[in-house]
Amino acid sequence: MKKRIAAVPAALNRNSFIGIIAGLLIMMSVPTNAALTEPQGPDSVAGKVLFKTLDNLYGLDNLTRVDDYDSSIVDQYWTFADEAVTATAIARAKFAGFTHELGFLPGSEGGKFKSLFNTRRSYFGVFDEDGRGPRSRMKKKASFTAEETGPVFRFGLKILNRPGYVWSSAPSDNVVMPNGAAGDGIDHMITFQITGNEGHSGNTVGNYIIAWEDLRADNAWCRFDGDYGDLVVEMSGVQPVPEPYSIALFSLAGLVLLRYPRRTRIT
């Protein structure tokens with residue numbers, strides 16, 4: 001897959017500025033690239049399932065990876081896009097023997113996991129466009145609002161077969177997990193943005209695809225495969241927040257704009 005440089009998201013709205021400023025001091029203290037693991041590529045044994053699925057659904061040339069390693073845009077923290085007030089999550093594929101619950105963690109740290117929908121174990125692959133699975137009549141689709149998440153939030157994946165396991169899109173959350181379960185500090189979610197629709201007219205350019213790895217890297221009961229194809233979800237109405245140092249610049253710019261509104265010069 002040809003790697004593209006991810007573009008900076010659209011300008012953050014006023015509500016996003018407020019939330020980012022509120023969480024800035026906390027987020028500035030969190031290392032952004034700590035303990036991240038590079039997922040397997042499309043030519044690897046583990047990566048073939050995910051990338052083949054993405055190619056079938058969207059076309060790999062129509063996707064841009066949100067790179068956690070050499071980009072100012074990372075996928076750890078999220079906010080609502082532009083003036084969107086409602087966002088949508090829809091399951092697109094699943095290859096896992098666990099029951100997953102997709103949800104979010106409000107704010108930039110802490111917060112109680114809130115569920116959006118659950119998906120039962122499935123080795124049957126791709127869901128329909130409305131989120132209906134091959135062996136399920138339940139629609140794996142949910143909407144949520146900024147009032148529920150707060151202006152800045154993290155996505156989460158709860159493993160119902162393993163009590164206490166809730167992976168977060170922020171690896172710093174994946175060290176100590178709820179209910180006494182030990183984490184591994186690994187990045188369990190990777191992200192792509194839909195940036196084209198060539199050969200896939202149904203693509204919604206601007207939406208994001210989040211793909212999860214549900215196993216621990218140090219587990220003894222099941223092998224960590226690193227395929228990041230256990231649950232694939234398409235997101236609309238949201239966008240990643242820049243890494244903390246960029247957030248600082250965005251926040252300061254927002255304060256200036258709020259303090260000194262643009263005036264029209266009369267001649």
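What you are looking at is a predicted structure, and each value in this text was computed from that prediction instead of being measured.

**Q** Any chance you could explain the packing of aromatic side chains here in plain terms?
**A** Any pair of aromatic rings gets described here by the distance separating the centres and the angle formed by the planes. Evaluated as defined, the whole model comprises 11 aromatic pairs. On the basis of an interplanar angle of 55° and a centroid distance of 6.1 Å, the ring pair of Phe 80 and Phe 153 is categorised as tilted. Of the two residues, Phe 80 is situated in strand E2 (residues 73–80) and Phe 153 in strand E8 (residues 153–159); the sequence distance between them amounts to 73 residues. Just as Phe 80 is buried, Phe 153 falls in that class too. Taking 6.1 Å as the distance between ring centres and 85° as the angle between the ring planes, the aromatic pair formed by Phe 144 and Phe 153 counts as edge-to-face. In this structure an aromatic cluster arises from ring pairing among Trp 78, Phe 80, Phe 104, Phe 144, Phe 153, Phe 155 and Tyr 208.

**Q** Looking at this structure, I do not really get the pairing of E8. What am I missing?
**A** Successive side chains on a regular strand alternate, one facing one side of the sheet and the next facing the other. Along E8, six of the seven residues are buried, which leaves the element largely enclosed by surrounding structure. Across seven bridges, the pairing between strand E4 (residues 100–106) and E8 is antiparallel. Its bridge partner lying in E8, Phe 104 is registered against Phe 155. What sits between the antiparallel neighbours E8 and strand E9 (residues 166–168) is a turn of six residues, in which Gly 164 has the positive phi angle 95°.

**Q** Just checking my understanding: could you explain the confidence of the model for the protein chain for this structure?
**A** Mean pLDDT over the protein chain: 75, with 66% of residues reaching 70 or higher. Every residue in residues 1–12 scores below 50 in pLDDT, and together they form 30 contacts with partners more than four places removed in sequence or on other chains. Throughout residues 249–267 the model reports pLDDT below 50, and contacts reaching past four residues in sequence, or to other chains, amount to 11 contacts.

**Q** Is there a simple way to think about the environment of Ile 186 in this case?
**A** Position of Ile 186 relative to the elements: it lies in the loop between E9 and strand E10 (189–194). Along the backbone, Ile 186 and Trp 167 are 19 residues apart, and their C-alpha atoms lie at a distance of 9.2 Å.

**Q** Help me understand unusual backbone geometry in this model?
**A** When glycine is set aside, most residues are seen to have a negative phi, and most peptide bonds are trans. One non-glycine residue with positive phi stands out, namely Tyr 228, at about 50°. If you trace the backbone, Tyr 228 turns up in the loop between strand E11 (208–212) and strand E12 (231–236).

**Q** What is the right way to read the environment of Phe 113 from this model?
**A** Along the polypeptide, Phe 113 turns up in the loop between E4 and strand E5 (114–119). Taking the C-alpha atoms as reference, Phe 113 lies 10.0 Å from Glu 101; in sequence the two are 12 residues apart. Those residues in contact with Phe 113 that sit more than four places away from it in its chain are Glu 101, Leu 102, Gly 103, Phe 104, Leu 105, Gly 156, Leu 157, Lys 158 and Val 166.

**Q** What is the right way to look at the side chain of Asp 214 in this model?
**A** Mapped onto the elements, Asp 214 comes out in the loop between E11 and E12. An unpaired buried charge is present at Asp 214: no salt bridge exists, and Lys 94, the closest side chain of opposite charge, is 6.8 Å distant.

**Q** For this particular structure, what's the right way to read the nonpolar core?
**A** As a rule of thumb, nonpolar side chains are buried together in soluble globular proteins. Judged by nonpolar contacts, the single largest core of 31 residues is most densely connected at Leu 102, Phe 144, Phe 155, Ile 210, Trp 212 and Val 238. When residues of this core are traced back to their parent elements, those giving at least two are E2, strand E3 (86–96), E4, E5, strand E7 (141–145), E8, E11 and E12. In terms of residues, this core owes the most to one element, E8, which gives four residues. Each residue touching Val 238, except ones within four places of it in the same chain, is listed here: Trp 78, Thr 79, Phe 80, Ala 81, Ala 87, Phe 144, Phe 153, Phe 155 and Tyr 208. One finds Leu 50, Leu 60, Ala 93 and Val 232 within the second-largest nonpolar core, a separate group that totals 16 residues.

Definitions and cut-offs
- Residues numbered from 1 in each chain as written.
- Predicted model: local features only at pLDDT ≥ 70, side-chain atom pairs only at ≥ 80, totals over all residues.
- Heavy atoms only, no water.
- Phe/Tyr/Trp six-rings, centres within 6.5 Å; stacked < 30°, edge-to-face > 60°.
- Helix = DSSP H or I, 4+ residues; strand = E, 2+ residues; numbered from the N terminus.
- Buried < 20%, exposed > 50% of the residue type's maximum accessible area, 1.4 Å probe, protein only.
- Pairing = 2+ DSSP bridges.
- pLDDT = per-residue confidence, 0-100.
- Contact = heavy atoms within 4.5 Å.
- Lys, Arg positive; Asp, Glu negative; His and termini not counted.
- Salt bridge = Lys/Arg side-chain N within 4 Å of Asp/Glu carboxyl O.
- Core = buried A, V, L, I, M, F, W, Y, C linked by side-chain atoms within 4.5 Å.

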